[in-house]
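The residues making up each chain are set out below.
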Amino acid sequence: MDRDEIIEIFTDAGAIRHGHFQLTSGRHADTYIQCQRVMESPTTTYKLAQEAVKSLPKETLDQIDVVVSPAIGGITWGFAVALVLDVRCIFAERVEGKMTFRRSFEVEAGSKALVCEDVVTTGGSVKEVCDLIEDAGAEVLAVISLIDRKTDRKFSQPFYPLLEFPTDSWEAADCELCKAGEPITQPGSRNIKR
């Protein structure tokens, strides 16, 4: 599967949106990638996971004990990758603003983890999950994502995005769309009022 085929999948699913968005990272952008639209199709998600796993080095593949994802966006993607790898799958979620394991999930000391995220902008959530895993005495072998927005990353682990999709994003204070008076058309997933 080449880059054009992957972009076509995202475009056909309506996953690439244009407007004025506040991303989960807090940054603002004129493009938002809603991977969950692609993952509405289990067959497509599984095929993309198979393709993404091909990028991992064999020595990494042979060591993975568990796939760990940040909630909410990474859960479906993490499950698909874990299904391809036939390993255990868990997720971390925010409690009072801090990533934690709930639902009796745990990472055993000495185990080897693959972190899965749908879209990486700054990688803040990924870094929090990596820190959580390492605090448990386990090792993060790599990070895998559907999309890399190509912004400076906050994590240092080897990174294997399925698709590099550079899009501009700005700190809110530097956002040209805000300066032009453009209202935010849709917030990122963490910013939706519930």
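Residues numbered from 1 in each chain as written. Predicted model: local features only at pLDDT ≥ 70, side-chain atom pairs only at ≥ 80, totals over all residues. Heavy atoms only, no water.

(A) Summary view of the environment of L141. Its location among the elements puts L141 in strand β7 (residues 139-148). Since its relative accessible area comes to 11%, L141 is described here as buried. Here the alpha-carbon distance between L141 and R94, two residues 47 residues apart in the chain, equals 23 Å. Contacts of L141, omitting those with residues within four sequence positions, involve T60, Q63, I64, K112, A113 and P158. (Helix = DSSP H or I, 4+ residues; strand = E, 2+ residues; numbered from the N terminus. Buried < 20%, exposed > 50% of the residue type's maximum accessible area, 1.4 Å probe, protein only. Contact = heavy atoms within 4.5 Å.)

(B) Molecular detail of a nonpolar patch on the surface. A cluster of nonpolar residues, Y46, F79 and L83, forms a patch on the protein surface that exposes about 300 Å² of accessible area. Mapped onto the elements of the fold, F79 is located in helix α5 (residues 73-85). (Patch = residues over 30% accessible without salt bridge, like charges linked within 9 Å, V, L, I, M, F, W, Y side chains within 5 Å. Areas by Shrake-Rupley, 256 points an atom, 1.4 Å probe, with all protein chains shown as cover. Salt bridge = Lys/Arg side-chain N within 4 Å of Asp/Glu carboxyl O.)

(C) Expanded view of the environment of K98. Here K98 is to be found in strand β5 (residues 98-100). For the pair K98 and E182, spaced 84 residues apart in sequence, the C-alpha separation works out to 31 Å. Leave out the neighbours within four places in its chain, and K98 touches E93 and E128.

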